[in-house]
Structure formats: structure tokens, C-alpha cells
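Residues per chain, in single letters:
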Amino acid sequence: MKTAIYFSGKYGSTRQYATWLHQATGYPVFDVAAPAPDHSGFERLILGTSIIVGAPTVKKWLASHWETIREKPILLFTVSGTPPGHPDLDTWLERHLPHEMRSAMDVVALRGRLDLSALPFWLRWMLRLAGKANQDPEAGRRMREGFDYMDKASLEPILQWAGIEAQTS
Ligand SMILES: Cc1cc2nc3c(=O)[nH]c(=O)nc-3n(C[C@H](O)[C@H](O)[C@H](O)COP(=O)(O)O)c2cc1C
């Protein structure tokens, strides 16, 4: 099936996962922030999105393209600090994506990277404050200290969805 990968990220980890997927599948990969080619030629889409302040950054793109992609099989992968299976991930998607959209897509949660040294001072400061106020001590620590959970092997469920055998090396 003709498949394309579209991604929306801010700090590089969603791009990294999209690039690894491209390398494993040969599917073309597009950043939604750049003028991307028409997706009508693709039968299936893999969409990647980072989660920033509880919202999927691909939200606007999805809203403006939904009518033309809704009939295609779509897998959405999220990239965040929150571990897969955590209820917040469902809550955030349900809050920001209409039910019809959310239920039409398969969703895989991946964990990304937060390199505080790459952020502007004011954002580091805000994250530190938000981290201190966070009720969940583990989430608070992630916001204050940063993290790197990038894991190529976590792409396996996406490769399975695509019908491609994962490379172990
Ligand atoms: C300003 C900011 C807000 C964030 N908000 C959340 C959040 O609400 N929940 C979460 O799990 N991770 C959050 N993160 C962590 C990002 O989801 C994580 O760093 C992800 O890998 C970013 O993807 P990207 O590098 O493609 O932009 C936040 C990171 C930043 C910098």
C-alpha cells in the first residue's frame, strides 16, 4: 500500500522517530511545517506528533486535512515524556481531537527527549516552575531535569501495523 509519514514536532525527537521509520520502511517522510506534497496519492498515512503542554502539535494540520484523509487507514504516534499506557495520554487526545477523528485512528505512544540545555532560558524557567507544581512527582522531575527516552525498538508496533518486519540491529 502506498504509505507516507507526516510528522509534527518542535525539538527533534518526533523528527528522529519519523526518520527511523522512513529508514525502516522506505516510505516518504514530510514535516507538516513545510509545504508538503498532496497526500491524495497515498493510500495510508502514518502521522507523528509531539505532545506539548498536553496537546498534540499536529492538531491544526489534522483539523485542516481531516476531510481529505478520513477514509484512509491512519496510525498516529505520539511522542512525549509521559509513559505509554498512562491515562493522561488518552485524556489529552480526547480533549484536543474530536471523538470521530480519535476513534478512526490507531494510536501508538512513544517516549521522546527533553534536552533542557537546548531550550531558551524563559522556557526552562517555566518548566522548572510547572515541574515544582506538578502533583505527579515523576512528571515534575522530568520537567525539571529533562530526559532522554528515545528508543528505536519502540517503533515495532508501528512497523507491525505497516506489515514490515522490524530490524533488530
Ligand atoms: C514546553 C514543553 C511542554 C511539554 N509538555 C509536555 C506534556 O504536557 N506532557 C508530556 O508528556 N510531555 C511534555 N513535554 C515533553 C515533550 O513531549 C517531549 O520532549 C517530546 O519528545 C518533544 O517532541 P519533539 O522533540 O518532537 O518536539 C513538553 C516539552 C516541552 C519543551
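Residues numbered from 1 in each chain as written. Predicted model: local features only at pLDDT ≥ 70, side-chain atom pairs only at ≥ 80, totals over all residues.

Quick word on the overall build of the protein chain
Here is step 1 of the chain: Tallying secondary structure elements over the protein chain gives seven helices and eight strands in all.
Here is step 2 of the chain: In terms of C-alpha radius of gyration, the protein chain reaches 16 Å, essentially the compact-globule figure of 15 Å for 169 residues.
Here is step 3 of the chain: Taken along its principal axes, the extent of the C-alpha atoms in the protein chain is 45 × 40 × 30 Å.
Here is step 4 of the chain: Relative to its 169 residues, the protein chain shows a buried fraction of 25%.
Here is step 5 of the chain: By sequence separation, contacts in the protein chain at least 24 residues apart represent 77% of the contacts at least 6 residues apart. (Helix = DSSP H or I, 4+ residues; strand = E, 2+ residues; numbered from the N terminus. Rg over C-alpha atoms; globule rule 2.2 N^0.38 Å. Buried ≥ 20, exposed ≤ 12 C-beta atoms within 10 Å, placed from the backbone. Contact = placed C-beta atoms within 7 Å.)

Some details on unusual backbone geometry
Here is step 1 of the chain: Even without glycine at this site, Val53 takes up a positive phi of about 50°.
Here is step 2 of the chain: Within the secondary structure layout, Val53 lies in the loop between strand E3 (44-52) and strand E4 (55-56).

Quick word on the domain arrangement of the protein chain
Here is step 1 of the chain: Segmentation of the protein chain into domains returns domain 1 (3-112 + 149-162) and domain 2 (116-148).
Here is step 2 of the chain: Computed from C-alpha coordinates alone, the two centres of domain 1 and domain 2 are separated by 24 Å.
Here is step 3 of the chain: Each side of the interface is counted separately: domain 1 has four residues, and domain 2 has four residues.
Here is step 4 of the chain: Looking at side-chain class alone, the side of domain 1 that touches domain 2 contains three nonpolar, one polar and no charged residues. (Domains from an automatic or database assignment. Nonpolar A, V, L, I, M, F, W, Y, C, P; charged D, E, K, R; others polar.)

What to know about the packing of helix H5 (residues 121-133) against helix H6 (residues 137-145)
Here is step 1 of the chain: Remark: H5 packs on H6, axes separated minimally by 8 Å, with the N-to-C direction vectors making an angle of 165°. Between H5 and H6, the interaxial angle falls into the category roughly antiparallel. Relative to H6, the crossing made by H5 is left-handed. Residues Leu127, Arg128, Ala130, Gly131 and Lys132 of H5 form the contact with H6, whose participating residues are Gly140, Met143 and Arg144.
Here is step 2 of the chain: Looking at the contact of H5 with H6 residue by residue, the classes come out as three nonpolar, two polar and three charged. (Axes fitted to C-alpha atoms, helices over the stretch in contact; angles between N-to-C directions. Parallel < 35°, antiparallel > 145°, perpendicular 65-115°, else oblique. Left-handed = near helix turned anticlockwise from the far one by under 90°.)

Things to note about the site of the ligand
Here is step 1 of the chain: By nearness alone, 19 residues border the ligand, and Gly9, Tyr11, Thr14, Ser50 and Gly112 come closest of all.
Here is step 2 of the chain: Of all the elements in the fold, those that place two or more residues in the shell around the ligand are helix H1 (13-25), E3, strand E5 (74-80) and strand E7 (113-114).
Here is step 3 of the chain: Top contributing element to the shell around the ligand by residue count: E3, with three residues.
Here is step 4 of the chain: Residue classes in the shell around the ligand are distributed as seven nonpolar, ten polar and two charged. (Near = placed C-beta within 6 Å.)

So, H1
Here is step 1 of the chain: Between its first and last C-alpha, H1 extends 18 Å over 13 residues, near the 18 Å set by a 1.5 Å rise per residue.
Here is step 2 of the chain: All of the buried residues in H1 are Ser13, Thr14, Tyr17, Ala18 and Leu21. Each buried residue of H1 sits inside an arc of 145° when the element is viewed along its axis, so together they form one side. (Expected span 1.5 Å × (residues − 1). Arc of directions from axis to C-beta.)

Structural notes on the nonpolar core
Here is step 1 of the chain: Counting residues in hydrophobic clusters, the biggest one holds 24 residues, and the most contacted among them are Ile5, Tyr6, Tyr17, Leu21, Phe77 and Ile158.
Here is step 2 of the chain: Taken together, the elements giving at least two residues each to this core come down to strand E1 (3-8), H1, E3, E5, strand E6 (106-111) and helix H7 (156-162).
Here is step 3 of the chain: It is E1 that provides the largest number of residues to this core, a total of four residues.
Here is step 4 of the chain: The contacts of Tyr17, once residues within four sequence positions are left out, are Gly48, Phe77, Val79, Leu110 and Leu155. (Core = buried A, V, L, I, M, F, W, Y, C linked by C-beta atoms within 7 Å.)

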